[in-house]
Amino acid sequence: MPIPIGVLAGVVRRPIVTGGTLYSDSTYFYRHFSNNGTLGVTDAALVADILLVGGGGGGGSSTGTSRGGGGAGAVLLLSSQNLLGSFSVEVGSGESSDGKESIFGSLGTAIGGGAGGALNTVGSAGGSGGGGGGSPSGGVARAGGAGTSGQGNAGGSGNVANAGNGAGGGGG
């Protein structure tokens, strides 16, 4: 009996995936992007977990001491995503100020880390917030920046120190 046109008997279609650098271990295949690019999935849908990490924020920018630490870029896991088509990938870079966000198509965005506060300055909000800048004796402690809910943590508060070295750490 002939097989009707358009019907394949016993053939399983598998996805063809392009973009990024392919890695594997004994269990999984990985596509890694270190630069902006495009992930393409053709022929059949692919169910995949997507891990996005935003770029880290820079430390505070004052001269001398008391600069808060930069916050870590957010970490976002998108589990069991059904992929078919083309997806733009933007890789967030670490910066001397606020870190840049990482984006996977319209499915998710991991916020960049907040910059640390300079002397007597609050840390910036971000994926994880930047640490608050320190303050010399007689000054006011500065708050760390807020972290993005579900993606990161707040930066540590600076404090008042006799030598002006009381800066807060960035959130992680």
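Residues numbered from 1 in each chain as written. Predicted model: local features only at pLDDT ≥ 70, side-chain atom pairs only at ≥ 80, totals over all residues. Heavy atoms only, no water.

## Here's the deal with the overall build of the protein chain
Put simply, the rule is: Strands here mean DSSP runs of E at least two residues long; helices mean DSSP runs of H or I at least four residues long; both are numbered from the N terminus. Using a 1.4 Å probe on the protein chains alone, a residue whose accessible area is under 20% of its type maximum counts as buried, one over 50% counts as exposed, and one in between counts as partly exposed. When checking whether two residues touch, look at their non-hydrogen atoms; a contact exists if any pair is within 4.5 Å.
Summing up its helical and strand segments, the protein chain has zero helices and nine strands in all. Written out in order from the N terminus, the α and β elements of the protein chain read β-β-β-β-β-β-β-β-β. Counting every position in the protein chain, which comprises 172 residues, the buried fraction comes to 34%. A separation of at least 24 residues holds for 56% of the contacts in the protein chain among residues at least 6 apart in sequence.

## Regarding the layout of surface pockets
Counted only if it meets this: The pocket and cavity definitions rest on a 1 Å grid over protein atoms only: a 1.4 Å probe that fits but cannot leave marks a cavity, an open set with protein on both sides within 12 Å along at least five of seven lines marks a pocket, and residues lining either have an atom within 4 Å of a point. Grid points are joined across faces, edges and corners, and a volume is the space filled by probe spheres set on the points. Here the nonpolar group is Ala, Val, Leu, Ile, Met, Phe, Trp, Tyr, Cys and Pro; Asp, Glu, Lys and Arg are the charged ones; every other residue, Gly included, is treated as polar.
For the largest pocket, the calculated volume is near 970 Å³. Looking at the largest pocket, it is lined by 27 residues, and the ones nearest its centre are Phe 29, Tyr 30, Arg 31, Asp 49 and Ile 50. At the level of secondary structure, the elements contributing two or more residues to the lining of the largest pocket comprise strand 3 (29-32), strand 4 (37-53), strand 5 (75-90) and strand 6 (102-104). Considering each element in turn, the lining of the largest pocket owes the most residues, nine residues, to strand 4. Taken together, the residues of the lining of the largest pocket break down into 21 nonpolar, three polar and three charged.

## Focus: a nonpolar patch on the surface
This is how the line gets drawn: Patch rule: a residue counts if its relative accessible area is over 30% and it has no salt bridge; like charges are joined within 9 Å, and nonpolar side chains (Val, Leu, Ile, Met, Phe, Trp, Tyr) within 5 Å. Only the protein chains shown count as cover for residues, and the accessible areas themselves come from Shrake-Rupley with a 1.4 Å probe. A pairing counts as a salt bridge when a side-chain nitrogen of Lys or Arg comes within 4 Å of a carboxyl oxygen of Asp or Glu.
Residues Leu 51, Val 53, Val 75 and Leu 77 make up a contiguous nonpolar surface patch of about 370 Å² in total accessible area. The set of elements that each furnish at least two residues to the nonpolar patch consists of strand 4 and strand 5. Inspection of the secondary structure puts Leu 77 in strand 5. In this structure Leu 77 comes out as exposed when scored by relative accessible area, which is 53%.

## As for the confidence of the model for the protein chain
Applied cut-off: A score between 0 and 100, pLDDT records how confident the predictor is in each residue.
In the predicted model, the protein chain carries a mean pLDDT of 86, and the fraction of residues at 70 or more is 87%. Averaged pLDDT values for the elements of the protein chain fall to 72 in strand 9 (residues 160-161) and rise to 97 in strand 6.

## What to know about the pairing of strand 5
This is how it is decided: Note on pairing: DSSP must find at least two bridges between two strands before they are called paired.
Note: strand 4 against strand 5, 12 bridges, orientation antiparallel. Looking at strand 5, one finds that Gly 37 is bridged to Val 89. In this sheet, strand 6 lies alongside strand 5 in antiparallel orientation, the contact comprising two bridges. Along strand 6, the bridge assignment pairs Glu 90 with Ile 103.

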